[in-house]
Protein chains: 2
Amino acid sequence: MDATEQKRRLDALRADLERRDLAAYVIPSSDEYMLEYAPPCGERLAWLTGFTGSVGTAVISRERAALFVDGRYTVQAQRQALTEHWEHRHLTLEPPSAWLEQIVLAGERVGYDPRVHTPSSLSGLRASLERAGVSLTPVAGNLVDAAWADRPREPNSAVQLYPEQLAGESSRQKRERMAAELGREGLDALLVSAPDSLAWLLNIRGSDLAHTPFALGRAVLRRDATLRLYMSSAKLGPEVLAAFRAQGPGAISVAEPGELLAELRSLTGQRVRVDQANASEWLHESLKAEGAQLDIGPDPCTLAKAQKTPEELAGIRSAHLRDGLAVLRFLAWLEQTAPGGETEWSVADKLAELRALDVEYRGPSFNTISAFGPNAALPHYRASKDSALPLAPGNLYLVDSGGQYLDGTTDITRVSVIGAPSGEMRRRYTQVLKGHVALARARFPVGTTGSQLDPFARQFLWQDGVDYDHGTGHGVGCYLSVHEGPHNVSKRPSDVALRPGMIVSNEPGYYKPGEFGIRIENLVAVALSTPQPAQAEKVTLGFETLTVVPYERRLIELGLLTAEERAWIDAYHARVRESLGPLLAQRDQAAGVDAFLAAKTAPLGD
Amino acid sequence: MDATEQKRRLDALRADLERRDLAAYVIPSSDEYMLEYAPPCGERLAWLTGFTGSVGTAVISRERAALFVDGRYTVQAQRQALTEHWEHRHLTLEPPSAWLEQIVLAGERVGYDPRVHTPSSLSGLRASLERAGVSLTPVAGNLVDAAWADRPREPNSAVQLYPEQLAGESSRQKRERMAAELGREGLDALLVSAPDSLAWLLNIRGSDLAHTPFALGRAVLRRDATLRLYMSSAKLGPEVLAAFRAQGPGAISVAEPGELLAELRSLTGQRVRVDQANASEWLHESLKAEGAQLDIGPDPCTLAKAQKTPEELAGIRSAHLRDGLAVLRFLAWLEQTAPGGETEWSVADKLAELRALDVEYRGPSFNTISAFGPNAALPHYRASKDSALPLAPGNLYLVDSGGQYLDGTTDITRVSVIGAPSGEMRRRYTQVLKGHVALARARFPVGTTGSQLDPFARQFLWQDGVDYDHGTGHGVGCYLSVHEGPHNVSKRPSDVALRPGMIVSNEPGYYKPGEFGIRIENLVAVALSTPQPAQAEKVTLGFETLTVVPYERRLIELGLLTAEERAWIDAYHARVRESLGPLLAQRDQAAGVDAFLAAKTAPLGD
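Below you will find a few notes about this structure. Remember, predicted model here, so these are calculated numbers, not experimental data.

1. Brief notes about the overall build of chain A
So, point 1. For chain A, the count of helices and strands is 20 helices and 28 strands.
So, point 2. Over its C-alpha trace chain A gives a radius of gyration of 25 Å, about what one expects of a compact globule, namely 25 Å for 606 residues.
So, point 3. Here chain A, with 606 residues, has 58% of them falling under the buried criterion.
So, point 4. Sequence separation of 24 or more characterises 73% of the internal contacts of chain A that already satisfy a separation of 6 or more.

2. A word on the sheet that holds strand S3 (residues 65-69) of chain A
All names here are of chain A.
So, point 1. The strand order across the open sheet formed by 6 strands is S4-S3-S2-S1-S5-S6, and the pairing between neighbours is mixed. Edge positions in the sheet fall to strand S4 (87-90) and strand S6 (135-138), since each has one partner strand and no second. Going from strand to strand, the sheet's axes swing by 25 degrees on average, the running direction of each strand aside.
So, point 2. Direction of pairing for strand S1 (residues 24-28) relative to strand S2 (residues 57-61): antiparallel, over a ladder of 5 bridges. Pairing of Ala 24 across the sheet is with Ser 61, part of S2.
So, point 3. Sitting on the sheet, helix H5 (residues 119-131) is in contact with S1, strand S5 (109-112) and S6, with an inclination near 135 degrees to S6.

3. Description of the sheet that holds strand S15 (residues 361-364) of chain B
Residues and elements named next belong to chain B.
So, point 1. The antiparallel open sheet is built from 3 strands, whose spatial order is S15-S18-S19. Unpaired on one side and paired on the other, S15 and strand S19 (408-409) mark the two borders of the sheet.
So, point 2. Two strands pair when backbone bridges link them, and strand S18 (residues 403-405) and S19 are joined in this way by 2 bridges, in the antiparallel orientation. Its bridge partner lying in S19, Tyr 405 is registered against Gly 408.
So, point 3. On top of the sheet, helix H14 (residues 310-337) reaches S18 and S19; it is set at about 130 degrees to S18, its chief contact.

4. Describing helix H20 (residues 593-601) of chain A
Residue and element names in this part refer to chain A.
So, point 1. Those residues of H20 that fall on the buried side of the exposure criterion are Val 593, Phe 596, Leu 597, Lys 600 and Thr 601. Mapping the buried residues of H20 onto a view down its axis gives an arc of 105 degrees, with all of them on the same face.
So, point 2. Residues of H20 that are buried make contact with helix H14 (310-337), helix H18 (563-580) and helix H19 (586-590).

5. Observations concerning the packing of aromatic side chains
Aromatic ring pairs are defined here through the distance separating the ring centres and the angle between the ring planes.
So, point 1. Tallied over the full model, the rule gives 23 aromatic pairs over all chains.
So, point 2. Centre to centre, the rings of B:Tyr510 and B:Phe516 are 5.9 Å apart; their planes meet at 50 degrees, and the pair counts as tilted.
So, point 3. Using a relative accessible area of 1% as the deciding quantity, one classes B:Phe516 as buried.
So, point 4. Within the aromatic cluster, the residues linked to one another by ring pairs are A:Phe330, A:Trp333 and A:Tyr397.
So, point 5. Above the ring of A:Tyr510, the side-chain terminus of A:Arg428 is found at 5.2 Å from the ring centroid.

6. Topic: the interface of chain B and chain A
Put simply, an interface is often sized by how much accessible area is lost when its parts join up.
So, point 1. Listed as interface residues are 31 residues of chain B and, on the opposing side, 31 residues of chain A.
So, point 2. Each partner contributes to the roughly 2,500 Å² buried at the junction of chain B and chain A, and carbon and sulfur atoms together form 49% of this total.
So, point 3. Joining chain B to chain A, the criterion identifies 2 salt bridges.
So, point 4. The shortest N-O distance in the salt bridge between B:Lys538 and A:Asp469 comes to 3.4 Å.
So, point 5. Summed over the shared surface of chain B and chain A, the number is 12 residue pairs in polar contact (both at pLDDT 80 or more).
So, point 6. Listing elements by their share of the side of chain B that touches chain A, those giving two or more residues are helix H16 (423-441), strand S21 (444-445), helix H17 (450-463) and strand S25 (509-512) of chain B.
So, point 7. The greatest single-element share of the side of chain B that touches chain A, amounting to 8 residues, is contributed by H17(B).

7. Details of a nonpolar patch on the surface
Residues and elements named next belong to chain A.
So, point 1. Residues Val 446, Leu 528 and Val 539 make up a contiguous nonpolar surface patch of roughly 260 Å² in combined accessible area.
So, point 2. With respect to the helices and strands, the residue Leu 528 is situated in strand S27 (residues 522-528).
So, point 3. We classify Leu 528 as partly exposed; its relative accessible area is 47%.

8. Digging into the environment of B:Ser171
So, point 1. Along the chain, the position of B:Ser171 falls in helix H8 (residues 171-184).
So, point 2. Spatially, the C-alpha atoms of B:Ser171 and B:Asn203 are 5.8 Å apart, while their sequence positions differ by 32 residues.

9. Overview of the packing of H8(B) against helix H9 (residues 195-202) of chain B
A pair of packed helices is characterised by two quantities: the angle between their axes and the separation of those axes.
Residue and element names in this part refer to chain B.
So, point 1. Contact geometry for H8 and H9: axes closest at 7 Å, N-to-C directions at 120 degrees. In this view, H8 runs oblique relative to H9, as classed from their interaxial angle. Here H8 contributes Ser 171, Lys 174, Arg 175, Arg 177 and Met 178 to the contact with H9, which in turn contributes Trp 200, Leu 201 and Leu 202.
So, point 2. A class-by-class count of the residues in the contact of H8 with H9 yields 4 nonpolar, 1 polar and 3 charged.

What counts, and where the lines are drawn
Residues numbered from 1 in each chain as written. Chains lettered and ligands numbered in written order. Predicted model: local features only at pLDDT ≥ 70, side-chain atom pairs only at ≥ 80, totals over all residues. Heavy atoms only, no water. Helix = DSSP H or I, 4+ residues; strand = E, 2+ residues; numbered from the N terminus. Rg over C-alpha atoms; globule rule 2.2 N^0.38 Å. Buried < 20%, exposed > 50% of the residue type's maximum accessible area, 1.4 Å probe, protein only. Contact = heavy atoms within 4.5 Å. Pairing = 2+ DSSP bridges. Axes fitted to C-alpha atoms, helices over the stretch in contact; angles between N-to-C directions. Arc of directions from axis to C-beta. Phe/Tyr/Trp six-rings, centres within 6.5 Å; stacked < 30°, edge-to-face > 60°. Lys NZ or Arg CZ within 6 Å of the ring centre and 35° of its normal. Buried area = accessible area lost by both parts, 1.4 Å probe. Salt bridge = Lys/Arg side-chain N within 4 Å of Asp/Glu carboxyl O. Polar contact = N/O pair within 3.5 Å; in protein donor to acceptor, adjacent residues only side chain to side chain. Patch = residues over 30% accessible without salt bridge, like charges linked within 9 Å, V, L, I, M, F, W, Y side chains within 5 Å. Areas by Shrake-Rupley, 256 points an atom, 1.4 Å probe, with all protein chains shown as cover. Parallel < 35°, antiparallel > 145°, perpendicular 65-115°, else oblique. Nonpolar A, V, L, I, M, F, W, Y, C, P; charged D, E, K, R; others polar.

See below:
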């Protein structure tokens, strides 16, 4: 977007500020569903500012405009939101409140759209402005939408039923289980505001979003296990409606999204669970206005959904085999081909092509991070076709990617080396691998949280005075979001215990700015240790590694591994060989994939 | 205390309830200073109920009386507070609020003494009672004190100056540093309500309490670094007063404790930092009544005090050598003597006697835990002379003890074996030792908290499905409290980073109820790793082990140790030998201590 267009869009909003007697207006990156990846119609911040990062806030006043982003996005924001129109600020160190206090006078009003903010996201700003005598005022109708003439329509993709044999639990069972949970907590209803809870609870999927098979909508679940779904009827074909009807009279009823507000009236006097993480201020305030008693707390679907059923786990294992096959073929091709004139962009295309060979493949589970050399030192790097680095000898290539399959969601990072690695690269790769293996091998009592396990993955880097500035693991859905809660493995303290069936990534890394980057990622499932230790006094859990792709032995410094670590890696590689070998096709032999698999999974030797 | 006396005391309080028109009265274990070990005059709960555990709450109504304790004290409480007069409840699972709601009617009043509760300790109870229409009412004058005819007087021991060459920082420097901290936070004054902050800030010690050299009092520190001390003038001899005067006119002034309330008036309109952890509700309310603006937050002395000066560390190292010598002599004697008709009680006497040989020894830093066999499976066991177990072959003896020395506070746990240990005892001892060594060897970047390191100490037990139900480490003062904050090493999430100079215990354990108990405890100091790792990108910290006493090699299963662990233990033992050897006296040779030291610190062999 050029400077003239940026100016035109700002001017349109400023005219609206004037009309509505607002001194300023706040535009967050979040949309109505508080999604990690909003649909195009929800990308209001990008439309206004040009900034395409995942988190940021813009504030415009009648004369000035500022964009607030965190350290990850400082450079990108300044390139995209042109400095002749936009001031640039740090989102947490120089927050919008400080900037607004200089600009807005006591008695004036700052507006926002309550449908795209959660109450907690506004509380700090509201308190600051109130101290300055400024009122933070909800405004009906989004100002960006009013100015955005060709704003895309809300996504309206057809809803698919998710097969019960894959889910392992019927929607009826799930609704009854969640309804019983409401009963235990003395609640009358649950506002289902998160699209992944909705997908899980109803055993449905959609394609309203890139990367994540959500069908956008809301629902209210009652203590009697009946559910009213607020979703455009255009999305719901006869098969889906028949499946809903088959659950019994009144079990699942459907209404248009626009009816939600009117129907909240039926919750007057009821105790309604609302999850602050994804219910907008508008939803909160509408419920309060109708006289509902809000019970702020976690949506119980989140914890239930995180604990995969045996059927889901079986599907996920299968998805990982087929995904592993694609990544194996890719790595074999890469080792034979690179550098060969390839770039970060072109090799990512090759990987996408190989994944697409699987009939259950539905697309990437997130934007592939295909990063060579210094670019791999940026954990969230995204290559573009025009600026992609060519691969060249003497450095590392990192690829973090995943697939959506009907039977599971994958996420894997591997590092390959083009030419000869430096001693430092091998030492750091081995330390990252040791941490990754320590986490994979961990055993721990029921009640242990991911934050308690996080240091196991960092300990070997710490010995050398280095670390990585991201979490070690995030939850992963089953043909749902590649990032899901409530658990994780992170430095940040968590009070969510890991439970059997939870899937989490195991992805320590190391990043040397301007030089190279390393990350090794498998998905693992929390599982009961089998057998339980002979004299165990506590129920003992561990991890089952789901991802099946070899590590890069050229980057392993054998002398740094203990005998136990080598044994674990050898056993893992043997499993990779035995799992993927039988899946190889005739043409894989011609392409050297068989030989690659055999060589990469042989015992580590001396 | 017999049943008649318990009844008499209850009746006295109940008569007072009637006079004051109270339906019930709440008696906590805490005293006016929220101390871990209250002076005798503050042991109101023990006087009333007979219960001598460290944490509990009693509530009496006109007809009923209940004692609330946690799981540690269930058995002890039922033995001490006789069930014919006292109902027994779990402190957190069946809290006082639930009990009171059954007994007290709407409109009635429940009383408490605001001097012995913090606001946060009352908030849950207050909210519950208010919902039931009951008012929780502060009452002037403690009801127990009124009934307790021979209540001991407040301790009034003489204050000693703490030598500046041991403290490493003058009181003036400390006051100026803390005053600058107040200035940075925009505060006018700090209410110094914790006796250890007072001792640290003024470089004074007292003997108002068992185990802990506090001089009870309060102070107000102003932003100009002047301090007004509220302490009985009878405690302050001419030497101390002269030292105060020498700090300049008005720098330190003294007033009687009773003047505090009147003088709080001088804080009207000022912003005063108050630490909720140890300032009573009475202090909070008195300040508010005088129009001060309360700023609730941590007393900055707590963090400053925790980071020992080089001079303090030098003294602490020296104290550990002399303390180690006493424990070494004890363990040598024990190995030669036990069982020999000795009991848990008699051997603890021997240890006390050996510690007392040191001229700087001031007494135990806490009640010694001298525990044989099944008693050692109770982490907080306390032997009594009459019921002490005799030592006998085939089990473990655990001793957790510490000393107060003018130059430092020690805390050490060692386990010895009488006769032959079982294979299980050796396996568990070795797993506990491996965890203890893993923590001792840890390196970690600046910013790491103790809760991040805690799993290192548990990991080997976790592999076997076992664990221990206490923290791994607590902070320790310098000739101050053996338990101090703000840091620790614990499962419970902490946001306090470990900083150089902080002392913490390293004490994993294992407890098999009814059979045996193991704990291995050294004190360690957080220190910069020297040298820093060659290519360190973060400032790297580690631990210096302060305690110098051999482990029990008869309990080590060598096959479970890695080469690195054996090397660490051998190096530690070599240091123990080199440190303690030269301190041995002629009579130690005769007593076989030399030979014991040589044998216990030899390389572990095969």
